[in-house]
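Structural features, examined
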Amino acid sequence: VWGNPVLPSGIRSELREWFLNPMIYLDTMNINDNSVTKFAKDWNRVKPTLLFGHAHSIFVLAEYVRKLEIRNIKPRGILSTSMMLMPHERHTIEEVFGIKVIDRYGCEEVSLIASECERHEGMHLNIEHLYIEFIKEDGSPAASGEMGRIIVTDLMNMAMPFIRYQVDDMGVPIERKCSCGRGLPLMDKVVGRTADFFIRQDGSRVAGVSLIENTLTKIPGIDQMQIIQDSLDRIILNIVKDKEYKDATDQSLRRYFQDLFGSDCNIIINLVQEIRPEKSGKYRFSICNII
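Here the residue numbering is sequential within each chain, running from 1 through the sequence in written order. In keeping with the predicted nature of the model, local features appear solely for residues at pLDDT of at least 70, side-chain atom pairs appear and are counted solely at 80 or more, and the whole-chain, interface and lining totals rest on all residues. Just so you know, side-chain values use all the structure's heavy atoms and leave hydrogens and water out.

Take the pairing of strand 6 (residues 130-135) next. Any residue under 20% of the maximum accessible area for its type is buried, any over 50% is exposed, and the rest in between are partly exposed; the area is computed with a 1.4 Å probe on protein chains only. Starting at the N terminus, helices and strands are each numbered in turn, a helix being any DSSP run of H or I of at least four residues and a strand any DSSP run of E of at least two. Counting buried positions along strand 6 yields five of six residues, so the element is predominantly enclosed. Where strand 6 lies against strand 7 (residues 148-154), six bridges are found, and the strand directions are antiparallel. Directly across from Leu-130, in strand 7, lies its bridge partner Asp-154. Being paired, for any two strands, means DSSP has found at least two bridges between them.

In this section: a nonpolar patch on the surface. A contiguous nonpolar surface patch, about 330 Å² in accessible area, is contributed by Tyr-131, Leu-155 and Met-156. Structurally, the position occupied by Leu-155 is in the loop between strand 7 and strand 8 (165-174). Nonpolar side chains (Val, Leu, Ile, Met, Phe, Trp, Tyr) are joined into patches within 5 Å and like charges within 9 Å, using only residues with over 30% relative accessible area and no salt bridge. Areas reported as accessible are Shrake-Rupley estimates using a 1.4 Å probe. Residue values count occlusion only from the protein chains shown. Salt bridges are defined as contacts in which a side-chain nitrogen from Lys or Arg sits within 4 Å of a carboxyl oxygen from Asp or Glu.

Two elements in contact, helix 2 (residues 33-46) and helix 3 (residues 55-68), have axes whose closest approach is 10 Å; the angle formed by their N-to-C orientations is 85°. In terms of their interaxial angle, helix 2 and helix 3 are classed as roughly perpendicular. Where helix 2 approaches helix 3, its residues Asp-33, Val-36, Thr-37 and Phe-39 are matched on the opposing element by Leu-61, Tyr-64, Lys-67 and Leu-68. All amino acids are sorted into three groups, where Ala, Val, Leu, Ile, Met, Phe, Trp, Tyr, Cys and Pro are nonpolar, Asp, Glu, Lys and Arg are charged, and the leftover types, Gly among them, are polar. For the contact of helix 2 with helix 3, the residue count by class is five nonpolar, one polar and two charged. Angular values range over 0 to 180 degrees, each being the angle between N-to-C directions of two axes fitted as lines to C-alpha atoms, with helices fitted over their stretch in contact. Roughly parallel means an angle under 35 degrees; roughly antiparallel means over 145; roughly perpendicular covers 65 to 115; every other angle is labelled oblique. The contact criterion used is simple: two residues touch if any of their non-hydrogen atoms lie within 4.5 Å.

Turning to the side chain of Asn-238, a few remarks are in order. Within the element layout of this structure, Asn-238 appears in strand 13 (residues 234-241). Classification of Asn-238 by relative accessible area gives buried; the value is 12%. Pairs of N or O atoms are called polar contacts if they sit within 3.5 Å, as long as, within protein, a hydrogen donor faces a hydrogen acceptor (for residues adjacent in sequence, only side-chain-to-side-chain pairs). Engagement of the side chain of Asn-238 in a polar contact is seen with the side chain of Asn-270, the distance being 3.3 Å.

The subject of this paragraph is helix 4 (residues 87-97). Within helix 4 the residues assigned to the buried category are Glu-89, Arg-90, Thr-92, Ile-93, Glu-94 and Phe-97. Next to the buried residues of helix 4 lie strand 1 (50-54), helix 3, strand 2 (77-81) and strand 3 (101-107). Trailing helix 4 by a residue or two, Gly-98 shows a phi angle of about 75°, which is positive.

Turning to the pairing of strand 4 (residues 111-115), a few remarks are in order. As paired strands, strand 3 and strand 4 are joined by four bridges and run antiparallel to one another. Along strand 4, the bridge assignment pairs Arg-104 with Ser-115. Note: strand 4 against strand 5 (residues 123-125), two bridges, orientation antiparallel. Residue Ala-114 lies in a different strand from strand 5, and its bridge partner there is Leu-125.

For the rest of this paragraph, the subject is the packing of aromatic side chains. Whether two aromatic rings pair depends on their centres lying within 6.5 Å, for rings of Phe, Tyr and Trp, where Trp uses its six-membered ring; planes under 30 degrees apart make the pair stacked, over 60 edge-to-face, and the rest tilted. For the structure shown, the criterion picks out five aromatic pairs. A ring pair is formed by Tyr-256 and Phe-257, whose centres lie 5.4 Å apart and whose planes are at 90°; its orientation type is edge-to-face. The exposure class of Phe-257 is buried, given its relative accessible area of 0%. Counting every residue linked through ring pairs, the aromatic cluster contains Tyr-256, Phe-257 and Phe-261.

Working definition: the strands of a sheet are paired by backbone hydrogen bonds and lie parallel or antiparallel to each other. The sheet built from four strands is open, its strands ordered 14-13-12-15 with mixed pairing. Both edges of this open sheet fall to strand 14 (266-271) and strand 15 (286-288), since each of them pairs with a single strand only. In this sheet, adjacent strand axes meet at a mean angle of 15° when their direction is disregarded. Looking at chain direction, strand 12 (residues 222-231) and strand 15 are connected through three bridges and run parallel. Residue pairing in the sheet places Gln-229 in a bridge with Cys-288 of strand 15. Contacts between helix 6 (residues 247-261) and the sheet are confined to strand 12, strand 13 and strand 14, with strand 14 contributing the most and set at about 145° to the helix.

Encoded structure:
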């Protein structure tokens with residue numbers, strides 16, 4: 001489940017992919033009833049074992065599968081990546097497909113950085129391949145449970161190594177050990193990109209993922225939400241509503257954001273049919289345009 005998938009061109013490449021790496025795609029740039037129905041038919045024909053893709057895109061697929069009452073998409077494993085997997089999204093995916101999601105985190109430059117295991121007690125850091133640091137704003141190392149910038153040094157790339165590379169993401173390391181026995185250090189979660197943090201009038205920052213979790217998952221009537229901050233006193237909320245949406249939903253949203261960002265902060269609520277993905281096919285739900 002990917003944006004702008006690279007599809008094989010020509011008979012030779014199609015045969016090579018079919019025999020060596022058979023895959024079917026749902027293009028996240030074009031998810032609708034027809035594309036999901038075709039994806040289900042392709043699934044029935046190929047019978048894949050793994051459902052892999054952007055975390056939110058798999059959630060969107062799960063919602064379509066439930067709405068269209070599709071029964072034949074039955075993966076043996078689900079692997080989400082590229083975006084933060086929200087608790088409510090995980091619940092929906094696991095409820096629809098009947099199995100647990102394995103969430104992982106990485107980037108194009110160094111590939112896998114961390115991944116859950118079957119115990120779901122945190123994300124195992126890939127220290128066999130990377131040296132991973134969590135650095136606070138003052139430059140000191142983040143302690144267990146503290147948020148810090150994720151800094152990685154690539155130990156495998158001998159041609160063009162990345163040394164103390166800032167991936168512009170924030171994460172929380174934790175000291176506890178996973179009961180699976182692998183012994184790798186753990187990260188609690190990725191809090192979001194540095195650009196996904198909003199700025200309050202006193203200069204303090206608020207993680208966009210926290211705003212989403214404290215509103216979308218707790219205020220009835222919201223299916224999806226995108227938060228955009230253009231200035232210290234202006235926040236735009238793009239809302240995809242569900243059947244429980246009421247006037248009280250707007251009031252609760254305004255009250256929550258004005259409590260955080262000031263009573264004089266202008267909260268603009270736009271009701272939209274959908275939140276479109278970026279050109280990459282990923283969805284971006286927290287956007288701070290203040291430099």
